[in-house]
Amino acid sequence: MRFTTIDIDSQGGSGARSGRNPVRLFCCLILVLAGVPGGLAQSGGTPAAAAEAESSPAETAQPRENSLGMKFVPVPGTHVLFCTTETTVGDFLQFAREANYPLEDGLHFEQGEDHPVVNINREDARAFCDWLTSKERAAGLITGTQRYRLPESPEWSLAVGLISALDALGPLDQEIRNQNFYPWGEQWPPVEGAGNFAAGQIKGYDDAFEYTAPVGSFLPNEYGLHDMAGNAWEWCEGETRSGALQWVLRGGSWVYFLPDTLLAAYEYPVPDQLRAGSFGFRCVFDDPSLAPEVSRAILEARAGAREDAQSRILGRTGSDTPVEESPEEAEKRLQAQQSAKSRFLMRDKGEGSEGDADFQAERARLLERDLADSSEGDSNRVRKSRIRVRPEGVVARPGEPFLNSLGMKFLPLPGLPLLFGETEVGIGNYAEMTLQGSGPELPVASFRQSDEDPVVKVSWLDAAAFCEWLTEIEREAGWITGTQKYRMPTDAEWSRAAGLEAGSGETPAERGREVVEIFPWGDAWPPPHRAVNIDASKVEGYDDRAVYTGVVKGGEANALGFYGMGGNVSEWCWDNWDFESPEKVVRGGSWITNKREHLVSSYRQKLDPSTLLSNVGFRCVLVTE
């Protein structure tokens, strides 16, 4: 990889604030994709391929300014021009007025017309692009094949500076090169002027903006693109592997601060209808007439680059001549090679031999790394079993609080023959099932969690499997009797634990029509300060400490002693939605909930039992009769 050092006077352009020292940015050069003179020859391509790349349309395509004054520049390796900034409030307001498009309100902070438009879902962003395309075609400013659209995620990766975004080097090299690269380079904390983040949470970094900032306020990258890190998340095209309703956001935002969420390669999968005060978008100008030559250059680059890249990772030169190295260097290289191969198997193929000890050990290590608390960074913790030896005479009894073999506490629910889980099921508790070799694998969220956070991305079927596993091991160890069992609460039981009556309907669907203006924390709105983990950024007058999930015993317990009934994660219930539907009931708000009507205790949702979401978990009850 070749690097260029650029000195930028922070008192000059790009919107950088005056009075700061010059910034030295280290910019990766894309060596193997079309559009960088000499890049192909240096990475193993033929001289002919390099020559063709130098004259490719992506290299010779000219910047343009459209009818709204939006500026677009070419990005090597693509046939699109990227807008230099995120779409602004002013541009979106013009679209809304001319297209009579409904606007969503609800932001708790003010924005100027030069700020990035936020609270945008994927449909809103695509509607803007379609409107702009139609407007300029009608005016004769663009052809019938040219158009505006959202960038595809691989295109966005190229624009942010990731080397193997289009798989030119293969997944093995991509994993090694990209895992520690940020839009501003490889340094942490971010360099001065890198972007608009939750700066108060990043030691050693300040950006002076509490919420969004005017677009272009921070240093551009090597292609002239601003805010590729921070300010607003940017919608991209491209469905993720997690399901038909999951789509990708890129680039971080003004509320994010954890290092792994700001990596250039980080993809944030969310439902395409989800809106948030940090979700915006950037347009690209698509000219298909440029595609054939660019595609051909990329294909020719791959032929020479892939073999060379794999050889370099394995410690050999392009001519397959062994590299002279010390025994210590050889050992480090072999360890890195083994780790990279394991990651390739797990993350790219999604498979491995269950009996392969090396594979299992590497998978466990990566899971531990991903689950480590942010204060611990990438420390490789060894998970220890939480299962306790049963003290003599300890057994679950009706009507009495109970601390089970995993340290999960259960409390009586007046009038019912069961004990209700004091908290949602935590990652550490759920992980025990995987650690013992039973049930589904431990799910990993797309954000940092500790073992004391609630497990997420578990289906109703996964939750049921955990309850069955826990019942079996505790019956065998004598913690519970042969008639007692764990399961998820029913809809009526959850209502009682939240302080409501069960309701008069025969099914949750019928009971859901009875809206009761009571919240799990009482009748106050907004909630008492830090009482519950919800999307506080969109609830005026409220603040909580968590950006994502928080510890299961965070906030305040309700009158019956139960935590998290109003937020953190929404919770699966045992019942079907009605007599005919296979969908299951989900109760309670979560860390992404912000609307008053969705936070009342009587609110219900229904989901297919196989659904996996980053804001849905569960809690257990222990049936004692």
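Here the structure is shown first, and the text comes after it.
Participant: Residues and numbers for the pairing of strand β14 (residues 418-421), please.
Facilitator: Judged from the 3 bridges that link them, strand β13 (residues 409-412) and β14 form a sheet pairing that is antiparallel. Among the inter-strand pairings, P412 is bridged to a residue of β14, identified as L419. Linking β13 to β14, which pair antiparallel, is a turn of 5 residues; within it G415 sits at a positive phi near 85 degrees. Sheet analysis places β14 next to strand β20 (residues 621-623), joined by 3 bridges and oriented antiparallel. Pairing of F420 across the sheet is with V621, part of β20.

Participant: Could you give an account of the sheet that holds strand β3 (residues 64-65), naming the residues involved and the relevant values?
Facilitator: Pairing is antiparallel in the open sheet, where 5 strands are placed in the order β3-β4-β5-β11-β6. Every interior strand has two partners, whereas the edge strands, β3 and β6 (147-149), have only one. Sheet strands touched by helix α5 (residues 122-138): β3 and β6. Its angle to β6, the strand with the most contacts, is close to 165 degrees.

Participant: Quick rundown of the environment of R122? Include the residues and the values.
Facilitator: You can see R122 is positioned in helix α5. Between the C-alpha atoms of R122 and E237, which are 115 residues apart in sequence, the distance is 8.7 Å. If we skip the residues at most four places from it in the chain, R122 touches L150, W235, E237, W247 and D272. A polar contact is formed between the side chain of R122 and the side chain of E237, at a distance of 3.3 Å.

Participant: Please give an account of the pattern of salt bridges that cites residues and values.
Facilitator: Enumeration over the complete set of coordinates arrives at 20 salt bridges. As a salt-bridge pair, E155 and R149 come within 2.9 Å of each other at their nearest N and O atoms. Each member of the pair E155 and R149 is classed as buried. Residues K553 and E422 are paired through a salt bridge, measuring 3.7 Å at the closest nitrogen-oxygen approach. Taken together, the residues span a long stretch of sequence, with K553 in the loop between α14 (508-511) and β16 (570-576) and E422 in the loop between β14 and α11 (427-435) at a distance of 131 residues. Here K553 falls in the partly exposed class, since its relative accessible area comes to 46%.

Participant: Describe in detail unusual backbone geometry, supporting the description with residues and values.
Facilitator: Across the chain, the bulk of peptide bonds are trans and the bulk of non-glycine residues have phi less than zero. In this structure, P189 follows W188 across a cis peptide bond, with omega equal to 5 degrees. You can see P189 is positioned in the loop between α7 (171-178) and β7 (233-239). W525 connects to P526 through a cis peptide bond whose omega is 0 degrees. Positionally, P526 belongs in the loop between α14 and β16. The backbone phi angle of N100 is positive, close to 50 degrees, even though this residue is not glycine. One non-glycine residue, N568, lies in the positive phi region at around 70 degrees. Mapped onto the fold, N568 is located in the loop between α14 and β16. N568 gets classed as buried once you look at its relative accessible area, which sits at 4%.

Participant: Now, about the environment of T88: what can you tell me, with residues and values included?
Facilitator: Examined against the element boundaries, T88 turns out to sit in the loop between β5 (80-83) and α4 (89-99). Under the relative-accessibility criterion, T88 is labelled buried at 11%. Put simply, T88 and G280 are 192 residues apart on the chain and 8.9 Å apart in space, counted from C-alpha to C-alpha. Not counting chain neighbours up to four residues away, the residues in contact with T88 comprise E113, D114, H115, P116, V117 and V215.

Calculation rules
Residues numbered from 1 in each chain as written. Predicted model: local features only at pLDDT ≥ 70, side-chain atom pairs only at ≥ 80, totals over all residues. Heavy atoms only, no water. Pairing = 2+ DSSP bridges. Helix = DSSP H or I, 4+ residues; strand = E, 2+ residues; numbered from the N terminus. Contact = heavy atoms within 4.5 Å. Axes fitted to C-alpha atoms, helices over the stretch in contact; angles between N-to-C directions. Polar contact = N/O pair within 3.5 Å; in protein donor to acceptor, adjacent residues only side chain to side chain. Salt bridge = Lys/Arg side-chain N within 4 Å of Asp/Glu carboxyl O. Buried < 20%, exposed > 50% of the residue type's maximum accessible area, 1.4 Å probe, protein only.

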